[in-house]
Amino acid sequence: MATSRSEPYDVLVVGAGPAGLAAAAAAVTSGARVAVVDAGERPGGQFWRQRRTAVAPDQHLHHQLASYRRLLVAAAGADWYSGRTVWTITRPRRHFEVHTVSGPDEARLTLAAHRLVLAPGAYDRQLPFPGWDLPGVMTAGGVQALLKQHGVVAGRRVLVAGTGPFLLTVAAGLAEAGARVVGVHEANAGTGWLRSPRAVLRNAAKLPEALGYAATLARHRVPLHRRSVVVAAHGEDAVSWATVGRLDRDGRIRARSERTLPVDLLAVGWGFSPQLELALGLGCATRVDVDGSMVVAVDDDQRSSVAGVWVAGEACGVGGAALAAAEGEIAGADATGGPVPAKARRRRASAGVFAVAMHRAHPLPEDWTGRVTDDTLVCRCEEVTAGELRGAVDDLGADSARSAKLLVRTGMGWCQGRVCGFATSCLVAEWTGRRPSPPLPERPIAVPLTLGVLAEGAD
Ligand SMILES: Cc1cc2nc3c(=O)[nH]c(=O)nc-3n(C[C@H](O)[C@H](O)[C@H](O)COP(=O)(O)OP(=O)(O)OC[C@H]3O[C@@H](n4cnc5c(N)ncnc54)[C@H](O)[C@@H]3O)c2cc1C
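Residues numbered from 1 in each chain as written. Predicted model: local features only at pLDDT ≥ 70, side-chain atom pairs only at ≥ 80, totals over all residues.

Digging into the overall build of the protein
Alright, step 1. Helices and strands together make up the secondary structure of the protein, namely 13 helices and 21 strands.
Alright, step 2. By the compact-globule yardstick of 23 Å for 459 residues, the protein fits well, its C-alpha radius of gyration being 22 Å.
Alright, step 3. Dimensions of the protein along its principal axes, counting C-alpha atoms only, are 65 × 50 × 40 Å.
Alright, step 4. In the protein, buried positions account for 49% of the 459 residues. (Helix = DSSP H or I, 4+ residues; strand = E, 2+ residues; numbered from the N terminus. Rg over C-alpha atoms; globule rule 2.2 N^0.38 Å. Buried ≥ 20, exposed ≤ 12 C-beta atoms within 10 Å, placed from the backbone.)

With respect to the domain arrangement of the protein
Alright, step 1. When the domains of the protein are assigned, the result is domain 1 (9-123 + 273-340), domain 2 (126-270) and domain 3 (372-432).
Alright, step 2. Relative placement of domain 1 and domain 3: their C-alpha centres are 32 Å apart. (Domains from an automatic or database assignment.)

Things to note about the site of the ligand
Alright, step 1. With respect to spatial proximity, 36 residues lie near the ligand, and among them Gly17, Gly45, Gly121, Gly141 and Gly313 are the closest.
Alright, step 2. If you list the elements that add at least two residues to the shell around the ligand, you get helix 1 (18-29), strand 2 (34-38), strand 4 (84-90), strand 7 (122-124), helix 3 (140-150) and helix 8 (321-335).
Alright, step 3. Partitioning the shell around the ligand into residue classes produces 19 nonpolar, 14 polar and three charged.
Alright, step 4. Mapping the shell around the ligand onto the domain boundaries places at least three of its residues in each of domain 1 (9-123 + 273-340) and domain 2 (126-270). (Near = placed C-beta within 6 Å. Nonpolar A, V, L, I, M, F, W, Y, C, P; charged D, E, K, R; others polar.)

Some points on the sheet that holds strand 13 (residues 241-246)
Alright, step 1. Read from one edge of the open sheet, three strands run 12-13-14, paired in antiparallel fashion. Two strands in the sheet have a free side with no partner beyond their single neighbour: strand 12 (228-234) and strand 14 (259-262). Taking the axes of each pair of neighbouring strands and ignoring which way they run, one obtains an average angle of 30° across the sheet. (Pairing = 2+ DSSP bridges. Axes fitted to C-alpha atoms, helices over the stretch in contact; angles between N-to-C directions.)

Topic: the sheet that holds strand 9 (residues 157-162)
In any sheet, the strands associate via hydrogen bonds between backbone groups, in a parallel or an antiparallel arrangement.
Alright, step 1. Pairing within the open sheet is parallel, and its five strands lie in the order 8-15-9-10-11. Either end of the sheet is taken by a strand with one partner, and the two such strands are strand 8 (137-139) and strand 11 (224-226). On average, each strand axis in the sheet is inclined to that of its neighbour by 20°, with strand direction left out of account.
Alright, step 2. Sheet analysis places strand 8 next to strand 15 (residues 265-269), joined by three bridges and oriented parallel. Note that in strand 15 the partner of Thr139 across the bridge is Val268.

Focus on helix 9 (residues 342-361)
Every α-helix winds through 3.6 residues per turn, so residues three or four apart in the chain are directed the same way.
Alright, step 1. Its 20 residues give helix 9 an end-to-end C-alpha distance of 29 Å, which sits within 8% of 28 Å, the value for a rise of 1.5 Å per residue.
Alright, step 2. By the burial criterion, the buried members of helix 9 are Ala344, Arg348, Ser350, Ala351, Phe354, Ala355, Ala357, Met358, His359 and Ala361.
Alright, step 3. Looking at the buried side of helix 9, the elements it contacts are helix 5 (197-202) and helix 8. (Expected span 1.5 Å × (residues − 1). Contact = placed C-beta atoms within 7 Å.)

So, the pairing of strand 12
Alright, step 1. Across the seven residues that make up strand 12, a large majority, five, are buried.
Alright, step 2. Between the antiparallel neighbours strand 12 and strand 13 lie six residues.

A word on the environment of Val182
Alright, step 1. Summarising the element assignment, Val182 is placed in strand 10 (residues 180-186).
Alright, step 2. In this structure Val182 comes out as partly exposed when scored by C-beta crowding, with 18 C-beta atoms within 10 Å.
Alright, step 3. Between the alpha carbons of Val182 and Gly44 there is a distance of 30 Å; along the sequence they are 138 residues apart.
Alright, step 4. With near-sequence residues (within four places) excluded, Val182 lies in contact with Arg157, Val158, Leu159, Leu261 and Val263.

Let's talk about the nonpolar core
Alright, step 1. Formed by 72 residues in total, the largest nonpolar core has its most connected members in Leu12, Ala23, Ala24, Val34, Val117 and Val311.
Alright, step 2. Of the residues forming this core, the biggest block, ten residues, is contributed by helix 8.
Alright, step 3. Grouped together as the second largest cluster of nonpolar side chains are 64 residues, Ala140, Ala171, Val231 and Val419 included. (Core = buried A, V, L, I, M, F, W, Y, C linked by C-beta atoms within 7 Å.)

Digging into the environment of Arg246
Alright, step 1. Along the chain, Arg246 turns up in strand 13.
Alright, step 2. Its 17 C-beta neighbours within 10 Å are what place Arg246 among the partly exposed residues.
Alright, step 3. Distance from Arg246 to Arg226, taken between C-alpha atoms, is 8.0 Å for residues 20 residues apart in sequence.
Alright, step 4. Residues in contact with Arg246, not counting those within four places in the same chain, are Arg227, Ser228, Arg254 and Ser257.

Structural notes on the packing of helix 4 (residues 166-176) against helix 6 (residues 207-219)
Alright, step 1. Two elements in contact, helix 4 and helix 6, have axes whose closest approach is 9 Å; the angle formed by their N-to-C orientations is 45°. When the axis of helix 4 is compared with that of helix 6, the two are oblique. As for how helix 4 packs across helix 6, the hand of that crossing is left-handed. Residue-level contacts link Leu168, Thr169, Ala171, Ala172, Ala175 and Glu176 of helix 4 to Tyr213, Thr216 and Leu217 of helix 6. (Parallel < 35°, antiparallel > 145°, perpendicular 65-115°, else oblique. Left-handed = near helix turned anticlockwise from the far one by under 90°.)

Notes on helix 4
Alright, step 1. Across the eleven residues of helix 4, ten count as buried, placing the element largely inside the fold.
Alright, step 2. Among all positions of helix 4, only Phe166, Leu167, Leu168, Thr169, Val170, Ala171, Ala172, Gly173, Leu174 and Ala175 are buried.
Alright, step 3. The inward-facing, buried residues of helix 4 abut helix 3, strand 9, strand 10, helix 6 and strand 15.
Alright, step 4. Positive backbone phi, at 110°, marks Gly178, one or two positions downstream of helix 4.

A closer look at the environment of Thr88
Alright, step 1. With respect to the helices and strands, Thr88 occurs in strand 4.
Alright, step 2. Thr88 gets classed as buried once you count the C-beta atoms within 10 Å, which come to 23.
Alright, step 3. As for Thr88 and Lys405, which are separated by 317 residues in sequence, their C-alpha atoms are 23 Å apart.
Alright, step 4. Setting aside chain neighbours within four positions, we find Thr88 in contact with His99, Gly281, Pro444, Ile445, Ala446 and Ala458.

Some thoughts on the packing of helix 10 (residues 386-394) against helix 11 (residues 401-408)
Alright, step 1. Relative to each other, helix 10 and helix 11 sit at 110°, their axes nearing to 9 Å. With respect to each other, helix 10 and helix 11 are oriented roughly perpendicular. Facing Glu388, Leu389, Ala392 and Val393 of helix 10, the residues of helix 11 in contact are Ala404, Leu407 and Val408.
Alright, step 2. Counted by class, the contact of helix 10 with helix 11 contains six nonpolar, no polar and one charged residues.

Okay, structure coming up:
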């Protein structure tokens, strides 16, 4: 497959979500030669994900559309590489070489750039529970993506469970699209928000959005159950029942609180895991965020520890579209050597305190590991059960997610630990009494590729 190389761009942005769009807009505005690469066909990332055929984004499913349009106009002067996935980044000379593939024939293209802004976003964080591998048990983000991009309502009778405000977004979207949402089961009480009144007041603009979801759920008679979790999914070939239970103060299921409901879709969301592959591949330093996720460490200007690499959005901490856009604007402005608008820093600070409040109000339930039975699959790709993983710890001496992987293959399959990495790391930490180890190792290859592309290499 032909590989072409461009004259180095001043700034190349990976990702066209809120963070990447804002970075590109800021960089173009300051007069730089800018490229944007995104695996998606249309710009917008997860927050502004749209149907390919739609003339305009569906107003009900999308928020802050005025910001989206403003960013698109401001970033229009960039060169756009849509539908292209960055699989590795090298630095053979003084500039970076960004290696991409596109389409089923994996057409290759290498782009050169002096500076990079990485804004690859996040993916759904998942916790294993009995039956979670049944068809019809999906991540809340996956259900939302199907609805936004394809207009597909993934089930008729749906239970939404997990923790965080995103559950309300998903449940409201499904109810409006015609699904019968039998309940939203939020693991936390919601009172955690009361500990952060300032964060809420500084972000009062979010209230109308939250009230809108509450009104939609009330109109469709969707009950919200607090301190309630999904315990198991049941079914033969697909999920047909879900067991839920109420939590006590210690995060354990209350006696006699379990009940089983008929469903054909279980949408489960436990927050998001930052997408770190490209940053780790470049050697960027990381840190552990308030929600326990490993994230890229950046300074006040969104610079990573690697010279010439800025990182913005969920890759440096999960906090929503407004935070991502503010970080992107700062990264884009600083990467071109221009002044960083003070307004962007203020928006980042406000959205940042809200993100911390959100993580504190919606932690994972304390005893979730205690509900993972021995026969629960942890690694779905390699079909490793919790019992086998525990055997790696108890009998074979594994003391980290990494050593467990070498012994029983958790995280060695197609997803390379994106699905099971976080849970494996928490389970091993629980059983060994050690701190959770990083769920993702540093690798030169960010996405699954055919051997053909690998054989040609990133020359
Ligand atoms: C599945 C899912 C659904 C979500 N839905 C919503 C929602 O409906 N409402 C809401 O408020 N929040 C939603 N979120 C949270 C949302 O991600 C953030 O609030 C916001 O979109 C983050 O912006 P971002 O720019 O950091 O990342 P994103 O919006 O995720 O954008 C990242 C972009 O980077 C691109 N990318 C990643 N890796 C590569 C690569 N190797 N090569 C090329 N391109 C790459 C992706 O295609 C994507 O377009 C969702 C999250 C997920 C994971």
